[in-house]
Amino acid sequence: MMSERQPVFEWIMQPGTGKALELRKGQILRIEQVLGAQCVDFNCFNLHDYKEFMHCGRTRTVHGFNPSKGTFLWSAPPRERAMMYIAEDTYGRNDVLFPRCSAYLYESAYGYHTHTNCHDIQSEAQREYGLTPDDVHDSFNMFMCTDVTLEGSATITRQQSQKGDYIDLIALMDVLAVPNVCGADVMRTSNFGLKPIRLQIFEATEAEMAAVPDTPSLRSQRTPKDFVNSEIKATRELVADTSYVPHFVNTPLPETPLEIELDAAEAARFEALARRTIYGDDDNSALRDIVFSWWENRYLNSASGAPRISTAD
Amino acid sequence: MAGRTIKLWLNHQQQELLERAVADGAAPSLEALVKRALAESQPLPAGQPEVK
């Protein structure tokens, strides 16, 4: 259906380049392999407030290491809003573990004085909108294949995306989207080669927008109007505010005791459950662990503090 | 094993979460809620690390 539609914008990103694109809410950005086997680094910002940007950490926490079709790109706390939705992903391998590659990497590991790298390409592309190299954030690495070993290391593997494989991202707010052709021609990220990438923008249909799952709308998703300090700092030096008075939420946090009388059977149950390896003879901490672990099992139906999401499928 | 008393120390955030469960009908009181947690929790299988 989508392929029959006329794009409102089309661009071929050549190796070594990126492109900053304005997308309005309800538009789809398609990122397509021209030849195949090319990693694309991607970032996005709220078009009307660049301080809200896609955050790989939140995205990783909500959707895991390989977000694909049916997942969202989330902004950083305290915003934590779904910025874009992956409506289609024909290859299905992406990465949010690795940071963007940088000039430092190519100098330190390969001896280059200059080399194409995702940080500098992102930086140059978003310079069109007045952003600086310090405004580049960790990228969503599309078509990039990575693994995590049992020992905890992250590794890059070769990829098998083909000509015509694509990812469709629906903008859920007005965004500045910044994709770039990953600059890693001496790594297996893109199978030791650089290839062009096609970018197209489409208007999403009502049906496509209706297929986007609902996401939470919570008081904790704060914007500058909620900040104690909402001014963007304009100087580089950090100087203490002599009038500063800390306001940490819910503090102080004193603890009060709750006496729990256990009968013989309950006491034996407690001993069977207490994690003595961690808590030793600290009964209070062992019991608190039991109670809140029970609460997690009963009430927490999303992993690692991720927001609850109703899925389309 | 004899019965015993344990003091469970909670800050107001922790207490609020458990009180909501009580208000939700999970138990008639905080103490009953703690006992329900004890009754419904499963000991770790032998050999599983306690830190998980």
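Residues numbered from 1 in each chain as written. Chains lettered and ligands numbered in written order. Predicted model: local features only at pLDDT ≥ 70, side-chain atom pairs only at ≥ 80, totals over all residues.

1. Concerning the overall build of chain A
Part 1 of the argument: Along the backbone of chain A there are seven helices and 15 strands.
Part 2 of the argument: Projected onto its principal axes, the C-alpha coordinates of chain A cover approximately 75 × 50 × 50 Å.
Part 3 of the argument: Looking at chain A alone, contacts between residues at least 24 apart form 73% of all its contacts between residues at least 6 apart. (Helix = DSSP H or I, 4+ residues; strand = E, 2+ residues; numbered from the N terminus. Contact = placed C-beta atoms within 7 Å.)

2. Remarks on the overall build of chain B
Part 1 of the argument: In terms of helices and strands, chain B carries two helices and one strand.
Part 2 of the argument: Along the chain direction, N to C, the helices and strands of chain B fall in the order β-α-α.
Part 3 of the argument: Counting across all 52 residues of chain B, residues that qualify as buried make up 17%. (Buried ≥ 20, exposed ≤ 12 C-beta atoms within 10 Å, placed from the backbone.)

3. Concerning the sheet that holds strand S1 (residues 9–13) of chain A
All names here are of chain A.
Part 1 of the argument: Taken in spatial order, the six strands line up as S1-S14-S3-S12-S7-S6 in an open sheet, and their pairing is antiparallel. One side of each edge strand has no neighbouring strand; the edge strands of this open sheet are S1 and strand S6 (72–74). Averaged over all pairs of adjacent strands, the angle between their axes in this sheet comes to 20°, without regard to strand direction.
Part 2 of the argument: Where strand S3 (residues 27–33) meets strand S14 (residues 197–203), seven bridges bridge the pair, whose relative direction is antiparallel. Directly across from Ile 31, in S14, lies its bridge partner Leu 199. (Pairing = 2+ DSSP bridges. Axes fitted to C-alpha atoms, helices over the stretch in contact; angles between N-to-C directions.)

4. Some details on the interface of chain B and chain A
Part 1 of the argument: On the chain A side, the residues contacting the 26 residues of chain B number 33 residues.
Part 2 of the argument: Elements supplying a minimum of two residues to the side of chain B that touches chain A: strand S1 (4–11), helix H1 (12–23) and helix H2 (30–40) of chain B.
Part 3 of the argument: Split into classes, the residues belonging to the side of chain B that touches chain A amount to 15 nonpolar, five polar and six charged. (Nonpolar A, V, L, I, M, F, W, Y, C, P; charged D, E, K, R; others polar.)

5. Quick look at the packing of helix H7 (residues 283–299) of chain A against H2 of chain B
Part 1 of the argument: Their axes nearest at 9 Å, the elements H7 of chain A and H2 of chain B cross at an angle of 80°. Between H7 of chain A and H2 of chain B, the angle is such that the two are roughly perpendicular. Packed against H7 of chain A, whose contacting residues are Ile 290, Val 291 and Trp 294 of chain A, the element H2 of chain B presents Val 34, Ala 37, Leu 38 and Glu 40 of chain B at the interface.
Part 2 of the argument: Of the residues in the contact of H7 of chain A with H2 of chain B, the class split is six nonpolar, no polar and one charged. (Parallel < 35°, antiparallel > 145°, perpendicular 65-115°, else oblique.)

6. Considering the confidence of the model for chain B
Part 1 of the argument: On average, residues of chain B carry a pLDDT of 93, and 100% of them reach 70 or more.
Part 2 of the argument: With pTM at 0.90, the complex prediction returns an ipTM value of 0.96. (pLDDT = per-residue confidence, 0-100.)

7. Points about the environment of Glu 52 of chain A
All names here are of chain A.
Part 1 of the argument: Positionally, Glu 52 belongs in strand S5 (residues 49–53).
Part 2 of the argument: Between the C-alpha atoms of Glu 52 and Ser 75, which are 23 residues apart in sequence, the distance is 6.2 Å.
Part 3 of the argument: Contact partners of Glu 52, with chain neighbours within four places excluded, come to Phe 45, Asn 46, Ser 75 and Arg 79.

8. Looking at the domain arrangement of chain A
Part 1 of the argument: Assigned domains of chain A: these are domain 1 (2–216) and domain 2 (264–300).
Part 2 of the argument: Relative placement of domain 1 of chain A and domain 2 of chain A: their C-alpha centres are 44 Å apart. (Domains from an automatic or database assignment.)

9. So, the nonpolar core
Part 1 of the argument: Grouped together as the largest cluster of nonpolar side chains are 51 residues, with contacts concentrated most on Val 40, Cys 44, Met 84, Met 142 and Val 175 of chain A.
Part 2 of the argument: Ranked by residue count, the leading element in this core is strand S7 (residues 82–89) of chain A, at six residues.
Part 3 of the argument: Setting aside its immediate chain neighbours within four residues, Met 84 of chain A contacts Cys 44, Phe 72, Leu 73, Leu 169, Ile 170, Ala 171, Leu 172 and Val 175 of chain A.
Part 4 of the argument: Membership of the second largest hydrophobic core comes to 17 residues, among which are Leu 262 and Ile 290 of chain A together with Leu 18 and Leu 33 of chain B. (Core = buried A, V, L, I, M, F, W, Y, C linked by C-beta atoms within 7 Å.)

10. Comments concerning the packing of helix H5 (residues 264–273) of chain A against H2 of chain B
Part 1 of the argument: Relative orientation of the contacting elements H5 of chain A and H2 of chain B amounts to 60°, with a least axis distance of 9 Å. Between H5 of chain A and H2 of chain B, the angle falls in the class oblique. Both H5 of chain A and H2 of chain B take part in a crossing whose hand is left-handed. Here H5 of chain A contributes Glu 266, Arg 269, Phe 270 and Leu 273 of chain A to the contact with H2 of chain B, which in turn contributes Lys 35, Leu 38 and Ala 39 of chain B.
Part 2 of the argument: A breakdown of the residues in the contact of H5 of chain A with H2 of chain B according to their chemical character gives four nonpolar, no polar and three charged. (Left-handed = near helix turned anticlockwise from the far one by under 90°.)

11. Observations concerning the environment of Cys 101 of chain A
Part 1 of the argument: Looking at where Cys 101 of chain A falls in the secondary structure, it is placed in the loop between strand S8 (94–95) and helix H2 (103–110).
Part 2 of the argument: Taking the C-beta count within 10 Å as the criterion, Cys 101 of chain A has 24 such neighbours and is therefore assigned buried.

12. Quick look at the pairing of strand S11 (residues 154–157) of chain A
Residue and element names in this part refer to chain A.
Part 1 of the argument: Here four bridges tie strand S10 (residues 145–148) to S11, and the two strands are oriented antiparallel to one another. Paired with Thr 146 across the two strands is Ile 156, which belongs to S11.
Part 2 of the argument: Counted along the chain from S10 to the antiparallel partner S11, the turn is five residues long, and its residue Gly 152 has a positive phi close to 100°.

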